[in-house]
Amino acid sequence: MKGWWGKLLRVNLSENKVTVQQIDPEILKMFIGGRGLAIKILWDELEPGIDPLSPKNKLVIAAGPITGLVGPSTGKLVVAAKSPLTNGYGDGNIGTMASVNLRRAGYDAIVIEGAAKKPVYLYIENDNVSILSAEGLWGKDTFETERILKNVHGKDAGILLIGPAGENLVRYATIISQEGRSGGRPGIGAVMGSKKLKAIVIRGTKEIPVDDKKELTKVATEAYNEIKKAPAYDFWMRQGTMATIEWSNTNSVLPTFNYREGVYELYRLIDGYSMEAMKVLQRGCPHCNMICGNVVIDVEGELSELDYENVAMLGSNIGLGHLGKVAALNKLADKYGIDTISLGNVLGFATEASEKKLIDEKIEWGDYKKYKELIEDIAYRRGIGDLLAEGTKRISEKIKGDSWKWAMNVKGLEISAYDCHAAPAMALAYSTSPIGAHHKDAWVIAWEVKVGRLEYTKEKVEKVVELQRIRGGIFESLVSCRLPWIELGLKLDYYVRLFKTATGVAMTLDDFYKVADRIYALIRAFWVREYGGKWDRTMDYPPARWFEEPLTKGPLKGAHLDKDKYDEMLSWYYELRGWDERGIPKKSTLESLGLSDVANELENYVKLTP
Ligand code: SF4
C-alpha cells in the first residue's frame, strides 16, 4: 500500500501484550483514516453500553494517509473513545510530533485496550514497543512529565500524555502534547487515566511510502506558497485566532457571563491587540507555515499559549477582563490537562449557580483567585471540585432548580465560544456536531453573520452540512488542520491532490463527501446504540437559554432563537442527511453508504425507518 502503512498497533494493558495487525485496505478506502478509522474500530469492537471509564473502553489514536508527509499542517492525529462526558462518541485532534513519529514508526493507528494495574507509559521506537513503569511520573503535571520523558527519550520524541485531571478522571480531561497542545475534549484524557496510562512516547525513523514523491513535494510546495501569498497571512501571523475576540464582540456572539450576553464591555482588555502587546513567542504544530500558538507571560510569570477559544471561555464568559490572569488560568488548565472550553463553561455555570444560591460555594464573576483555586480543586477532585469535575450536565442534574436551562451543553459536551441567541445555523452546527457541542465540524458563524443572522433557511442547513463534510469529514480523516483552508483560503483541491500523490487513489471531492457522510452516519449509529435506541430529536436541541432568555445588551438586544423555526431547520437537516424525524439514519441511507451491516446491528436496538 502507498500513503497508508495498513498497520495498526494493538496494546492490551491488562495482558501486557502488544500485537501488530494489518488493516483491511477496503476499510481504509471507505473511512480514509483519523476519525473515520476511529469510529469504524469503536463501532466494530466496543461492547455496547460499557462504562467509558472501565477497562472495556478502547482508546484509539489514529493518523491519516497524509499525516506526517510534507504538506501544510499535516502534523495532526485524532484521539477517540467512548466519552465519559457524553456516553457517546468522543474525539479530538492534536497537532503534535507524536503524529509524525507514529507514521514514521510504521503505523497508521494505535488501539489501547484493557487497563494496567499500576501506572505505565508506552514507548514505541519503530518495531520495538515496550510498556514501561510510570510510577515515578504519576501525579506529575503535564509540563514536568514531558520534560522528564524528553530527557530520557530525546527531544525529538513525540509525546502524548495526561496530567492530574486525566489521572483523577475529570470528565473533561484532555490529552496534552508539546506544552499545551490539547485534544480530546469529551474526556479522552480521563479514558487514558482510567487505563493507568500516563503517556505514549513515539520515535520513528522510517520513510512513509507514497505513490509519487516528486509530485507530492511539488503539490506541497505550491500549497505552502499559496498560504504565504494569502492577503490575510501577515495579520494571521500577528494574531492567529485571537483576532476573533474583537469580531465576536462586534457581532454579539462573544460568550459573556455564561452565555447570557454576546458582548463584553472589557473585551478590549483580552483581545488580539492586548495579546500582541504581551506576546513573547509564537509556536505551533509540525509541518505548519502559519503557526498560530501565541505565547504570552501570564501574571504568575509563566509562559501560556493563547487562542480565541480559551481566552473567550476563561475571559468574557466568566467576567475576567485581564489577559494576564486569563493566561494564568489557561496555563493551569494545560498543566493539569483540562479542556479549557468545558472548564470556562463549568466555571461560568458554577458562578451563576452561586449567584442563584443553588450551591453554597461563594463564587463571584471575575474572581481570579477563586477560579484558580477551583481549577486545582477540579483537577484533584477536592471539595466542590469533585462535583465540578463532572461537567455542566451532571452538575445541573444534581443541583436542580432551573439550572438545566443554562447548563450550556449539547449531549453533555459544553458549547464552544460562540453565543447563538441570534445565530440559528451555528446553533444547528453545535447541536448536530458528532461529539456534542463543538465548533470544529461546522464553524458556520462567520458565513452566517454575512448572509443574515435572523433567518432560518434551507441555505443555512445546506451550509452546515457542507462544512461538516469538509471539516468533520475530510480534514478529520486525512488528518490535517483545517485552518489553512478556512482562514487563508487554501483550495480544497490541494488536499485532493495531496491524497492522490500519497496513496495513488484518485478521489473527487464528491467521493470525499460520501466518505464524510458515511463517517457521520456511523457516528450517529454509535450514539443511538450506546443510548440503547432511546433517541429522539431533542438530543439535537441547543440549551433552553438561547430560546427563552433574550439578549439584554448590544446591537442584537432582545434576540433569541425561535423554537418552531429551529425545529423546521432540524427537519431539513435530517432530510438532507437521509435521517428520519428522530435523527436516526434511515435503513436505505445506511445501505447506500455501504453500511448494511450497521443497519442490521442497529435494528437490535431500534426500529429503523426504511
Ligand atoms: S494553523 Fe495553528 S492549529 Fe493549525 S496546524 Fe498550524 S499551528 Fe496548528
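Here, every reference points to the structure presented above.
Fair warning: this is a prediction, and the values are worked out from it, not measured in the lab.

*Asks:* Honestly, the overall build of the chain in this entry has me stumped. Any pointers?
*Replies:* In terms of helices and strands, the chain carries 26 helices and 17 strands. Whereas a compact globule of 610 residues would reach a radius of gyration of roughly 25 Å, the chain reaches 22 Å, a difference of no more than 12%. Of all 610 residues assigned to the chain, the portion counted as buried reaches 66%. Residue pairs at least 24 apart in sequence account for 70% of intrachain contacts in the chain once pairs closer than 6 positions are excluded. Here the chain contributes 82 positive and 82 negative side-chain charges, whose respective centroids are spaced 2 Å apart.

*Asks:* Sorry, what's going on with the pairing of strand 3 (residues 59-62) here?
*Replies:* Taken residue by residue, a regular strand's side chains alternate between the two faces of the sheet. Residue alternation in strand 3 divides its side chains into two sets, L59 and I61 and V60 and A62, and both sets are buried. Here four bridges tie strand 3 to strand 6 (residues 109-113), and the two strands are oriented antiparallel to one another. Looking at strand 6, one finds that A62 is bridged to A109. Pairing of strand 3 with strand 4 (residues 76-82) involves three bridges; the strand directions are antiparallel. If you follow V60 over to strand 4, its bridge partner there is A80.

*Asks:* Looking at this model, I keep getting lost on the nonpolar core. Mind explaining?
*Replies:* Inside soluble globular proteins, nonpolar side chains tend to come together where they are buried. If you look at the biggest cluster of nonpolar residues, it comprises 172 residues, and the most contacted ones within it are Y89, I338 and I378. With 12 residues, the top contributor of residues to this core is helix 22 (residues 509-530). Not counting the four nearest positions on each side in its chain, I378 is found in contact with V170, Y172, I338, L343, V346, L347, G385, L388 and A389. Counting residues in hydrophobic clusters, the runner-up holds 29 residues, among them L9, A81, L197 and I200.

*Asks:* So what exactly am I meant to see when it comes to the site of the ligand here?
*Replies:* In the region of the ligand, the neighbouring residues are S73, K76, G284, C285, C288, M290, I291, C292, C481 and L483. Looking at the shell around the ligand, its residues break down into seven nonpolar, two polar and one charged.

*Asks:* When you look at the packing of aromatic side chains in this model, what are you seeing that I'm missing?
*Replies:* Think of a pair of aromatic rings as described by two things: how far the centres are apart, and how the planes are tilted against each other in angle. This structure, assessed with the given rule, holds 21 aromatic pairs. Relative to Y273, the ring of F235 has its centre 6.4 Å away and its plane inclined at 45°; by these criteria the two rings are tilted. Pair noted here: F235 is in helix 8 (residues 233-239) and Y273 is in helix 10 (residues 272-278), with a separation of 38 residues, a long-range link. The class for F235 is partly exposed, based on a relative accessible area of 33%.

*Asks:* Hey, could you run me through empty space enclosed by the protein in this one?
*Replies:* One way to see where empty space is left: roll a probe the size of a water molecule over the atoms. Taken as a whole, this structure holds two cavities of 30 Å³ or more when the rule is applied. Lining the second largest cavity are K411, T432, S433, P434, Y520, I523, R524, W527 and W579. With four residues, the single largest contributor to the lining of the second largest cavity is helix 22. Residue classes in the lining of the second largest cavity are distributed as five nonpolar, two polar and two charged.

*Asks:* So what exactly am I meant to see when it comes to the environment of V70 here?
*Replies:* Mapped onto the elements of the fold, V70 is located in the loop between strand 3 and strand 4. Once residues lying within four places of it in the same chain are set aside, the contact partners of V70 are L216, T217, A220, Y224 and L498.

*Asks:* Help me understand the pattern of salt bridges in this model?
*Replies:* One pass over the structure, following the stated rule, counts 55 salt bridges. The residue R10 makes a salt bridge to E113 at a minimum N-O spacing of 2.9 Å. A residue pair is termed long-range when its members are at least 10 positions apart, and R10 in strand 1 (residues 7-12) and E113 in strand 6 qualify at 103 residues. Among the charged side chains, a salt-bridge network with shared partners connects R260, E352, E355, K356, R545 and E549.

*Asks:* Got a minute to help me understand the sheet that holds strand 4 in this structure?
*Replies:* The pairing of strands in a sheet comes from backbone hydrogen bonds and takes either a parallel or an antiparallel form. The six strands are arranged 2-1-6-3-4-5 in an open sheet whose pairing can be described as mixed. Sheet topology places strand 2 (17-22) and strand 5 (89-95) at the edges, where each strand pairs with a single neighbour. Adjacent strand axes in the sheet meet at a mean angle of 20°, parallel and antiparallel pairs treated alike. Taken together, the five bridges between strand 1 and strand 6 define a ladder with parallel strand orientation. Pairing of R10 across the sheet is with V111, part of strand 6.

*Asks:* I tried to follow the environment of D386 on my own but got confused; where do I start?
*Replies:* Mapped onto the secondary structure, D386 falls in helix 15 (residues 384-388). For the pair formed by D386 and V170, sequence separation is 216 residues and the distance between their alpha carbons is 8.3 Å. Excluding anything up to four places from it in sequence, D386 contacts D377 and R381.

Conventions and cut-offs
Residues numbered from 1 in each chain as written. Predicted model: local features only at pLDDT ≥ 70, side-chain atom pairs only at ≥ 80, totals over all residues. Heavy atoms only, no water. Helix = DSSP H or I, 4+ residues; strand = E, 2+ residues; numbered from the N terminus. Rg over C-alpha atoms; globule rule 2.2 N^0.38 Å. Buried < 20%, exposed > 50% of the residue type's maximum accessible area, 1.4 Å probe, protein only. Contact = heavy atoms within 4.5 Å. Lys, Arg positive; Asp, Glu negative; His and termini not counted. Charge placed at Lys NZ, Arg CZ, Asp CG, Glu CD. Pairing = 2+ DSSP bridges. Core = buried A, V, L, I, M, F, W, Y, C linked by side-chain atoms within 4.5 Å. Near = heavy atom within 4 Å. Nonpolar A, V, L, I, M, F, W, Y, C, P; charged D, E, K, R; others polar. Phe/Tyr/Trp six-rings, centres within 6.5 Å; stacked < 30°, edge-to-face > 60°. 1 Å grid on protein atoms, 1.4 Å probe; cavity = no way out; pocket = protein on both sides within 12 Å on 5 of 7 lines; lining within 4 Å. Points joined across faces, edges and corners; volume = space filled by probe spheres on them. Salt bridge = Lys/Arg side-chain N within 4 Å of Asp/Glu carboxyl O. Axes fitted to C-alpha atoms, helices over the stretch in contact; angles between N-to-C directions.

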